[in-house]
Amino acid sequence: MSLSLETFDAIVIGAGQAGPALAERMSQAGWRVAVIERSRVGGTCVNTGCIPTKAMVASAHAAWVVREAARWGVRPPERFGVDLPAVVARKDRISGQSRRNVEQWLRSMANVELVMGHARFVDPHTITVGERRLRADRFFLNVGGRPAQPGVEGLDAVPWLTNASIMALEELPRHLVVVGGSYIGLEFAQMFRRFGSAVTVVQRGPRLVPREDADVAEALRGILEREGLTIRTGAECVKLAPADEGVAVRVNCQTGEPEVRGSHVLIATGRRPNTDDLGLDQAGVRVDERGHVVVDDRLRSSVPHIWALGDCNGRGAFTHTAWNDFEVVAANLFDGAERGIGDRVVTYALYTDPPLARIGLSEREVRASGRAALIGTRPMTRVGRAIEKGETEGFIKLLVDAGSKAILGATVLGVDGDEAVQSLLDVIASKRPYTEVTAGGVRIHPTVSELLPTVLQSLKPLPPATEPG
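Please read these numbers as outputs of a predicted model, since none were measured by experiment.

**Thoughts on the overall build of the protein**
- The helix and strand tally for the protein stands at 14 helices and 23 strands.
- What you see for the protein is a C-alpha radius of gyration of 24 Å, in line with the 23 Å of a compact globule of 469 residues.
- Overall, the protein is about 70 × 60 × 40 Å in size when its C-alpha atoms are taken along their principal axes.
- Counting only residues that meet the buried cut, the protein has 50% of its 469 residues in that class.
- Within the protein, residue pairs in contact and separated by at least 24 positions form 65% of the contacts whose partners lie at least 6 positions apart.
- Looking at the protein as shown, the accessible area adds up to about 21,200 Å², and 50% of this sits on carbon and sulfur atoms.
- Distance between charge centres in the protein, computed from 56 positive and 56 negative side chains, equals 1 Å.

Okay, here's the thing in structure tokens:
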């Protein structure tokens, strides 16, 4: 028996960051909309990403403050410990409430139906969800991504953790080995070190966070090592194997023991888009070699009535870029605007403590461009806010085009850096000269952002590179 066909003006597949907001704009325009979600509304950010991880980062920070209380002249308690089940329960409450809020929001929208199930295309205008067959004039993919484990051998031989399953642990790992020295891996590495675990980070390449400049990576490594983490870089051959009371992580490093033994291992080596089981081939949607939907500047796929937003399009793997994808699509559909993502300024933060925040180009990227540039730096030891808080690790680095005076990039590795660096975003996005920052208003003291004009007033020509990368 063939399934009856239900017709909608638009179908959104995936209820992550961009999908619900876009559904609301469609609802306001009078469209009949179906939002399909196979698992839990809210996507990665709400369920396994930003919200739950930052809740646990906050708990880890609290543990660190108590442990380090003497540095602020406060006597630490005689009995100190981390109640991991309580930490996890707090995280679950925060994440769960956020998820319920998103679901209530969706269910309150006029003309919008939330359908729980797995969507698959059967032709360019039709999908099936369980026993239902749905048709629409427009489709919007917001299916997100999931952890990937490229190049790690032995995954079938031992138990291992992902960024999601590690947040459900009820007992603190005795020794956590983190395979992957980039953003996700380092957040969890520092977090569990502060909870009390021994932690070793195993990174394939020669340094941590390879996307960042060498001085940034080395400074971050120093911060983590001073907290007691062990960092193993140059691990080009990573293989897991069973060991007494845990897991052996075999590495191929030039120095150090060839094997790291731990009680638990977290694999944080990358992510992949959730596009492999949607029947995109039936719709004619083109994907690249990594599975990302190929989109144009307005986020249309190779099929003009199908758009892709968020992690699945490979044009930004952050909650805030997914939200901007929504803004771009909504502006073009409903506001008569002509917006694209081509001029979007790179913005993100790594939530170690202190955070690493970056906007625009790195020093390495500026050098690669061949343009004449200026640079200004300032250590956090010369930032009043950092001194007063007793958190003086890191530095500020700003890069400016020598000709146009436009700010090319900003990096702040330091306390409150994720907030401070955003005060430059509008000037960078509009390519206005840095003098608009230095000639601006009176800034609040003591803050980190008050020092950004000071750094810009100390610009010097960017010297030749002294080492690769």
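**What to know about the packing of helix α1 (residues 18-28) against helix α4 (residues 84-107)**
- Close contact between α1 and α4 brings their axes to 10 Å; oriented N to C, the two are set at 20°. When the axis of α1 is compared with that of α4, the two are roughly parallel. Considering the relative orientation of α1 and α4, their crossing is left-handed. Mapping the contact onto sequence places Pro20, Ala21, Ala23 and Glu24 in α1 and Val102, Trp105 and Leu106 in α4.
- Taken together, the residues of the contact of α1 with α4 break down into 6 nonpolar, no polar and 1 charged.

**A short note on the pattern of salt bridges**
- Applying the stated criterion across every chain, the model contains 27 salt bridges.
- The partner of Asp276 in a salt bridge is Arg272, with the nearest N and O atoms 3.6 Å apart.
- Here Arg371 and Asp401 are joined by a salt bridge, their closest N and O atoms 3.6 Å apart. Here Asp401 lies in strand β21 (residues 395-401) and Arg371 lies in the loop between α9 (363-369) and β20 (373-379), a separation of 30 residues in the sequence.

**Description of the side chain of Asn332**
- Along the chain, the position of Asn332 falls in helix α8 (residues 319-334).
- You can call Asn332 buried: its relative accessible area is 19%.
- Looking at Asn332, its side chain comes within polar contact range of the main-chain nitrogen of Arg339, at 2.8 Å.
- With sequence-adjacent residues up to four places away left out, Asn332 is seen in contact with Arg298, Ala337, Glu338 and Arg339.

**Quick look at the sheet that holds strand β9 (residues 175-179)**
- Strand order in the open sheet formed by 4 strands is β11-β10-β9-β15, and the pairing between neighbours is parallel. Taken across any chain shown, the strands that pair with only one partner, and hence form the sheet edges, are β11 (230-232) and β15 (264-267). When strand polarity is set aside, the average angle formed by the axes of neighbouring strands in this sheet is 20°.
- Pairing of β9 with β15 involves 4 bridges; the strand directions are parallel.

**Some remarks on unusual backbone geometry**
- Omega for the bond connecting Asp353 with Pro354 falls within 30 degrees of zero, at 5°, which places this linkage in the cis form.
- As for its placement among the helices and strands, Pro354 is situated in the loop between β18 (347-350) and β19 (356-360).
- Residue His445 is joined to Pro446 through a cis peptide bond whose omega torsion reads 0°.
- With respect to the helices and strands, Pro446 occurs in the loop between α13 (435-438) and α14 (452-456).
- Unlike most non-glycine residues, Val209 shows phi in positive territory, near 30°.
- Relative to the helices and strands, Val209 is located in the loop between β10 (198-202) and α6 (214-226).
- Judged by relative accessible area, Val209 falls into the buried class, the value being 0%.
- Of note, the phi angle at Asp416 is positive, near 60°, even though the residue is not glycine.
- Relative to the elements of secondary structure, Asp416 occurs in the loop between β22 (407-413) and α11 (417-420).
- Under the relative-accessibility criterion, Asp416 is labelled partly exposed at 25%.

Basis of the calculations
Residues numbered from 1 in each chain as written. Predicted model: local features only at pLDDT ≥ 70, side-chain atom pairs only at ≥ 80, totals over all residues. Heavy atoms only, no water. Helix = DSSP H or I, 4+ residues; strand = E, 2+ residues; numbered from the N terminus. Rg over C-alpha atoms; globule rule 2.2 N^0.38 Å. Buried < 20%, exposed > 50% of the residue type's maximum accessible area, 1.4 Å probe, protein only. Contact = heavy atoms within 4.5 Å. Areas by Shrake-Rupley, 256 points an atom, 1.4 Å probe, with all protein chains shown as cover. Lys, Arg positive; Asp, Glu negative; His and termini not counted. Charge placed at Lys NZ, Arg CZ, Asp CG, Glu CD. Axes fitted to C-alpha atoms, helices over the stretch in contact; angles between N-to-C directions. Parallel < 35°, antiparallel > 145°, perpendicular 65-115°, else oblique. Left-handed = near helix turned anticlockwise from the far one by under 90°. Nonpolar A, V, L, I, M, F, W, Y, C, P; charged D, E, K, R; others polar. Salt bridge = Lys/Arg side-chain N within 4 Å of Asp/Glu carboxyl O. Polar contact = N/O pair within 3.5 Å; in protein donor to acceptor, adjacent residues only side chain to side chain. Pairing = 2+ DSSP bridges.

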